[in-house]
Amino acid sequence: MSGKLLVFEGVEGCGKSTQLKLLHSALGKSDRLQQLQQQGLISQILATREPGGTELGLGLRQLLLGYHGGAAMASRAELLLYAADRAQHVEELIKPALAKGCWVLCDRYTDSTVAYQGYGRGLDLGLIDQLNQVATGGLVPDLTLWLKLDAATGLARTHQRGAADRMEQADLAFHQRVQGGFEALAAQYPERIVAIDATGAVDAVAAEIFAVVEGYLQQWYAPSLTA
Ligand code: TMP
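Residues numbered from 1 in each chain as written. Predicted model: local features only at pLDDT ≥ 70, side-chain atom pairs only at ≥ 80, totals over all residues. Heavy atoms only, no water.

- As annotated in an unreviewed UniProt entry, the chain carries the name Thymidylate kinase and comes from Phormidium tenue NIES-30.
- Its UniProt record gives the chain the following Sequence similarities (unreviewed entry) comment, quoted word for word: "Belongs to the thymidylate kinase family." (UniProt positions renumbered as here; feature names shortened; annotations may be inferred.)

Structural data, given as structure tokens:
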């Protein structure tokens with residue numbers, strides 16, 4: 001049995017963490033999903049995130065987002081810490097869960113490294129692809145939901161929420177480059193990345209995401225689903 005990896009991506013303040021929780025709870029109530037669980041084709045649905053999906057990862061998340069060292073964190077040090085978090089996460093949590101037939105809903109994954117460290121910090125995209133390959137052992141998401149929102153609107157949302165973390169403190173131009181990175185990725189990998197308009201109300205965005213996921217669910221499990 002093999003589960004599915006569904007990833008949420010997007011700029012700061014795009015609403016992905018809220019939407020991941022809403023999808024998690026909607027899937028828990030979905031008749032189709034329950035039918036597949038009863039047939040033993042899907043196990044549990046897990047929610048996790050990067051950085052910070054494991055105990056080691058939580059420590060790395062604090063370092064990455066809360067670092068107050070005297071010197072600025074070097075971009076390559078940042079890249080390697082995100083990669084270390086991912087390597088542990090894939091090995092300890094994601095791969096074993098998929099092997100048990102779980103659906104894993106993950107808040108950020110490899111595309112965030114391409115967008116933030118590649119397009120945002122300007123590190124070499126080839127090097128990032130290699131590191132992502134090392135960290136994941138080649139594990140690619142079955143579906144990536146890219147919550148599309150312009151960087152300025154997203155940042156304004158996060159600033160309303162209170163104190164900004166180390167990444168959110170970067171200037172608007174950085175976050176606009178990150179947004180450009182997600183756009184480039186969506187153009188490069190149309191088979192797995194679906195753009196979701198994240199400008200609307202929370203409920204409307206949640207409904208769009210659920211409809212997209214139901215569509216994939218029907219496609220993935222077509223032979224096992226009755227009407
Ligand atoms: P979030 O969980 O609130 O989205 O915060 C995670 C932050 O880390 C966010 O600013 C994006 C950033 N990030 C990277 O820069 N590279 C990565 O590979 C990942 C997973 C996250």
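### Some remarks on the side chain of Asp-85
Part 1 of the argument: In this fold, Asp-85 is placed in helix H4 (residues 75–99).
Part 2 of the argument: Among buried charged residues, Asp-85 stands out as having no salt bridge; its nearest opposite-charge side chain is Arg-86, 5.8 Å away.
Part 3 of the argument: A distance of 3.0 Å separates a polar side-chain atom of Asp-85 from the backbone nitrogen of Gly-52. (Helix = DSSP H or I, 4+ residues; strand = E, 2+ residues; numbered from the N terminus. Buried < 20%, exposed > 50% of the residue type's maximum accessible area, 1.4 Å probe, protein only. Lys, Arg positive; Asp, Glu negative; His and termini not counted. Salt bridge = Lys/Arg side-chain N within 4 Å of Asp/Glu carboxyl O. Polar contact = N/O pair within 3.5 Å; in protein donor to acceptor, adjacent residues only side chain to side chain.)

### What about H4?
Part 1 of the argument: For H4, with 25 residues, the first-to-last C-alpha span of 34 Å sits near the 36 Å given by 1.5 Å per residue.
Part 2 of the argument: Most pronounced at Val-90, the bend in H4 amounts to some 50°.
Part 3 of the argument: Remark: Gly-101 follows H4 within two positions and exhibits a positive phi of approximately 90°. (Expected span 1.5 Å × (residues − 1). Bend = angle between axes of the 7 residues up to and from the residue.)

### A word on the site of the ligand
Part 1 of the argument: If you check the shell around the ligand, you find 14 residues, and the closest are Glu-12, Tyr-82, Arg-108, Thr-113 and Gln-117.
Part 2 of the argument: At a separation of 2.8 Å, an oxygen atom of the ligand approaches a polar side-chain atom of Tyr-82.
Part 3 of the argument: Taking Arg-86, its side chain carries an N or O atom lying 3.2 Å from an oxygen atom of the ligand.
Part 4 of the argument: When the free accessible area of the ligand is taken as 480 Å², the share hidden by the protein chains comes to 94%.
Part 5 of the argument: With 4 residues, helix H5 (residues 110–120) is the largest single contributor of residues to the shell around the ligand.
Part 6 of the argument: Looking at side-chain class alone, the shell around the ligand contains 5 nonpolar, 3 polar and 6 charged residues. (Near = heavy atom within 4 Å. Areas by Shrake-Rupley, 256 points an atom, 1.4 Å probe, with all protein chains shown as cover. Nonpolar A, V, L, I, M, F, W, Y, C, P; charged D, E, K, R; others polar.)

### Here's the deal with the UniProt feature "domain: Thymidylate kinase-like" (unreviewed entry) in the chain
Part 1 of the argument: Here, the residues flagged by UniProt with the feature "domain: Thymidylate kinase-like" (unreviewed entry) are residues 8–209.
Part 2 of the argument: The annotated region residues 8–209 carries 58% helix and 11% strand content, and the separation between its end C-alpha atoms amounts to 10 Å.

### What to know about the environment of Gly-57
Part 1 of the argument: Mapped onto the elements, Gly-57 comes out in helix H3 (residues 55–66).
Part 2 of the argument: Residue class for Gly-57 comes out buried when judged on its relative accessible area of 0%.
Part 3 of the argument: With 14 residues separating them along the chain, Gly-57 and Ser-43 place their C-alpha atoms 24 Å apart.
Part 4 of the argument: Apart from the residues lying within four places of it in its own chain, the contact partners of Gly-57 are Pro-51, Gly-52 and Asp-85. (Contact = heavy atoms within 4.5 Å.)

### Looking at the pattern of salt bridges
Part 1 of the argument: Under the definition given, this model contains 7 salt bridges.
Part 2 of the argument: Close ionic contact of Glu-214 with Arg-32 constitutes a salt bridge, the shortest N to O distance being 3.0 Å. Placement of the pair is Glu-214 in helix H9 (residues 202–220) and Arg-32 in helix H2 (residues 31–38), with a sequence separation of 182 residues.
Part 3 of the argument: The shortest N-O distance in the salt bridge between Arg-192 and Asp-111 comes to 2.9 Å.

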